[in-house]
Amino acid sequence: MRSLLEAVTRRARQRPDDIALSDGEQAISYAALWQCVEDLTAKLAVLYAGPGTIGLCLDNSLAWVALDLALTRLGRPIVALPVFFTEAQRRHALDDTGAKTLITDRPLSDRACFGTITVFGHELYLHDREAPPVVLPPETAKITYTSGTTGRPRGVCLSQFGLERVANALVDVIGSDYAGIHCAVLPLAVLLENVAGLYPTLIAGGHYHVPPPASLGLQKPFMPDFPMLVRALRDCNATSAILVPEILRGVLAVLETGSITLPEM
């Protein structure tokens, strides 16, 4: 099985100038991505020495990807929280996983910020918090939570081996020759985008396009601007994207008008 981190380092050595990430403003090569991951790993190791879960609550961005890879390299469990979670849902998930640290892309009114770091031009806010210790299952790498629409969000603990097994299976079925430009439409805090979008793309040596949600017409997650989304997919030359049924229906409705086409998808 191909390891995610090994795949990125191999690509950085063999094809350093290939584009790994973009967001509409920046294009990051595999060499630049891996250098950022190394630097960020060293910085986080000093800031957060020792074990423990680290919470992430930020919009899709180049910084999200770099943090994911750096924390994976450190072997620190990640609890990824969608930005649409309420403060109560966020607090429950963080307490439930024993997270004493939360990294966000915006200041939080309910949390004191003790510092910031900058990753690919994105300023990230570091929050310390009090949480009772929690014993997680061995090998837990990521904890993903349900939306909480029918009650309290529920967490599922996943191992890195399990995540990468799924990602590798997708690469094996689709074929690495088809690794083109994957556009992240769903939040990276949603497991589906993380394990079926980001990881397979990097393992296969593809190009992961991760624009801010507003540029996709998703500034209001539950009221998408579908024409804007279709134009964004066209303009970035996306060859793949993961869409939930509601978004797919909206995209198809726009395409049926014939006013916009997606020649590569």
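Please refer to the structure higher up on the page.
Residues numbered from 1 in each chain as written. Predicted model: local features only at pLDDT ≥ 70, side-chain atom pairs only at ≥ 80, totals over all residues. Heavy atoms only, no water.

1. Regarding the overall build of the protein chain
For clarity, the threshold we go by: Helix and strand definitions here come from DSSP, where helices need a minimum of 4 consecutive H or I residues and strands a minimum of 2 consecutive E residues; each element is numbered from the N-terminal end. Note on method: radius of gyration uses C-alpha positions; expected globular size equals 2.2 Å times residues raised to 0.38. Only protein chains enter the accessibility calculation, which uses a 1.4 Å probe; a residue is then buried when its area is under 20% of its type maximum, exposed when over 50%, and partly exposed in between. Contacts are residue-level and defined by heavy atoms, with any inter-residue pair within 4.5 Å sufficient. Computed by Shrake-Rupley with a 1.4 Å probe, the accessible areas treat only the displayed protein chains as cover when residues are assessed. By the counting rule applied here, Lys and Arg register as positive and Asp and Glu as negative, while His and the ends of each chain are not counted. Where a charge sits is defined by one atom per residue type, namely NZ (Lys), CZ (Arg), CG (Asp) or CD (Glu).
When you go through the protein chain residue by residue, the secondary structure sums to eight helices and twelve strands. For a compact globule of 265 residues, the expected C-alpha radius of gyration is about 18 Å, and the protein chain comes in at 18 Å, within 12% of that figure. Oriented by its inertia axes, the alpha-carbon framework of the protein chain measures out at about 55 × 45 × 30 Å. Among the 265 residues that make up the protein chain, the fraction classed as buried is 48%. Expressed as a percentage of contacts within the protein chain between residues at least 6 apart in sequence, the contacts between residues at least 24 apart total 66%. Accessible surface, the protein chain: about 12,700 Å² in total, of which carbon and sulfur atoms supply 55%. Separation between the mean location of the 22 positive side-chain charges and that of the 27 negative ones in the protein chain comes to 4 Å.

2. A word on a nonpolar patch on the surface
Operational definition: Exposure above 30% relative accessible area and no salt bridge define the residues that can form patches, which grow by joining like charges within 9 Å and nonpolar side chains of Val, Leu, Ile, Met, Phe, Trp and Tyr within 5 Å. The salt bridge definition used is simple: a Lys or Arg side-chain nitrogen within 4 Å of an Asp or Glu carboxyl oxygen.
Together, Phe84, Phe222 and Met223 make up an exposed nonpolar region whose accessible area comes to about 390 Å². As for its position among the elements, Met223 is in the loop between strand E11 (207-209) and helix H7 (226-235).

3. Side note on the sheet that holds strand E7 (residues 122-128)
Threshold: For two strands to be treated as a pair, DSSP must find at least two bridges joining them. Angles shown run from 0 to 180 degrees and are taken between the N-to-C directions of axes, each axis being a line fitted to C-alpha atoms and, for helices, limited to the stretch in contact.
One open sheet holds the seven strands; their spatial order is E6-E7-E5-E3-E4-E8-E9, and the pairing between them is mixed. Of all the strands in the sheet, just strand E6 (113-119) and strand E9 (155-159) have a single pairing partner and so form its edges. Across the sheet, the mean angle from the axis of one strand to that of its neighbour is 25 degrees, orientation sign disregarded. In terms of strand pairing, strand E8 (residues 140-145) meets E9 through five bridges, oriented antiparallel. Within the sheet, the bridge partner assigned to Thr140 lies in E9 and is Ser159.

4. Describing unusual backbone geometry
Unusually for a residue other than glycine, Phe120 sits at a positive phi of about 50 degrees. In this structure, Glu139 is a non-glycine residue whose phi angle is positive, near 70 degrees. Relative to the helices and strands, Glu139 resides in the loop between E7 and E8. Given a relative accessible area of 65%, Glu139 falls into the exposed group.

5. Some points on the pattern of salt bridges
Summed over the entire model, instances satisfying the criterion amount to nine salt bridges. For Arg15, the salt bridge identified is with Asp18, shortest N-O distance 2.6 Å. For Arg15, a relative accessible area of 45% puts it in the partly exposed group. Ionic pairing is found between Arg91 and Glu87, a salt bridge with its closest N-O pair at 2.5 Å. Placement of both Arg91 and Glu87 in helix H4 (residues 87-97) is noted, with a separation of four residues, approximately one turn of the helix. We classify Arg91 as partly exposed; its relative accessible area is 35%. Among the ionic contacts, a cluster of salt bridges with common partners joins Arg11, Arg15 and Asp18.

6. Remarks on the nonpolar core
For soluble globular proteins, the rule of thumb is that nonpolar side chains tend to be buried together. The criterion, for reference: Here, nonpolar core means buried Ala, Val, Leu, Ile, Met, Phe, Trp, Tyr and Cys residues that are tied together by side-chain atoms lying within 4.5 Å of each other.
Of all hydrophobic cores here, the largest spans 50 residues; its most connected members are Leu21, Leu33, Leu56, Val119 and Leu202. A total of nine residues in this core trace back to one element, the largest contributor, which is helix H3 (residues 62-74). Every residue in contact with Val119, bar those within four places of it in the chain, is listed here: Cys36, Leu40, Ala63, Ala66 and Leu124. Core analysis: the second largest hydrophobic core is formed by 17 residues, Val185, Leu186, Ala238 and Val254 among them.

7. Some points on the environment of Leu252
Its location among the elements puts Leu252 in helix H8 (residues 245-256). A C-alpha to C-alpha distance of 25 Å links Leu252 and Ser22, two positions 230 residues apart in sequence.

8. Regarding the layout of surface pockets
Applied cut-off: Here a cavity is any set of points on a 1 Å grid over the protein atoms alone where a 1.4 Å probe fits but cannot get out, and a pocket is any open set with protein on both sides within 12 Å along at least 5 of 7 lines; a residue lines the site when it has an atom within 4 Å of a point. Grid points are joined across faces, edges and corners, and a volume is the space filled by probe spheres set on the points. Asp, Glu, Lys and Arg are counted as charged, while Ala, Val, Leu, Ile, Met, Phe, Trp, Tyr, Cys and Pro are counted as nonpolar; the rest, among them Gly, fall into the polar class.
Taken as a whole, the largest pocket spans an internal volume of roughly 790 Å³. Every residue lining the largest pocket is counted, 33 residues in all, and those nearest its centre are Phe84, Pro187, Val190, Pro221 and Phe222. For the lining of the largest pocket, the secondary-structure elements that each account for two or more residues are E8 and H8. Residue composition of the lining of the largest pocket, grouped by class: 23 nonpolar, eight polar and two charged. Its boundaries defined by the atoms lining it, the second largest pocket holds a volume of some 310 Å³. Looking at the lining of the second largest pocket, the elements with two or more residues in it are helix H5 (160-174), helix H6 (191-203) and strand E12 (240-241). Per-class residue counts for the lining of the second largest pocket are ten nonpolar, nine polar and no charged.

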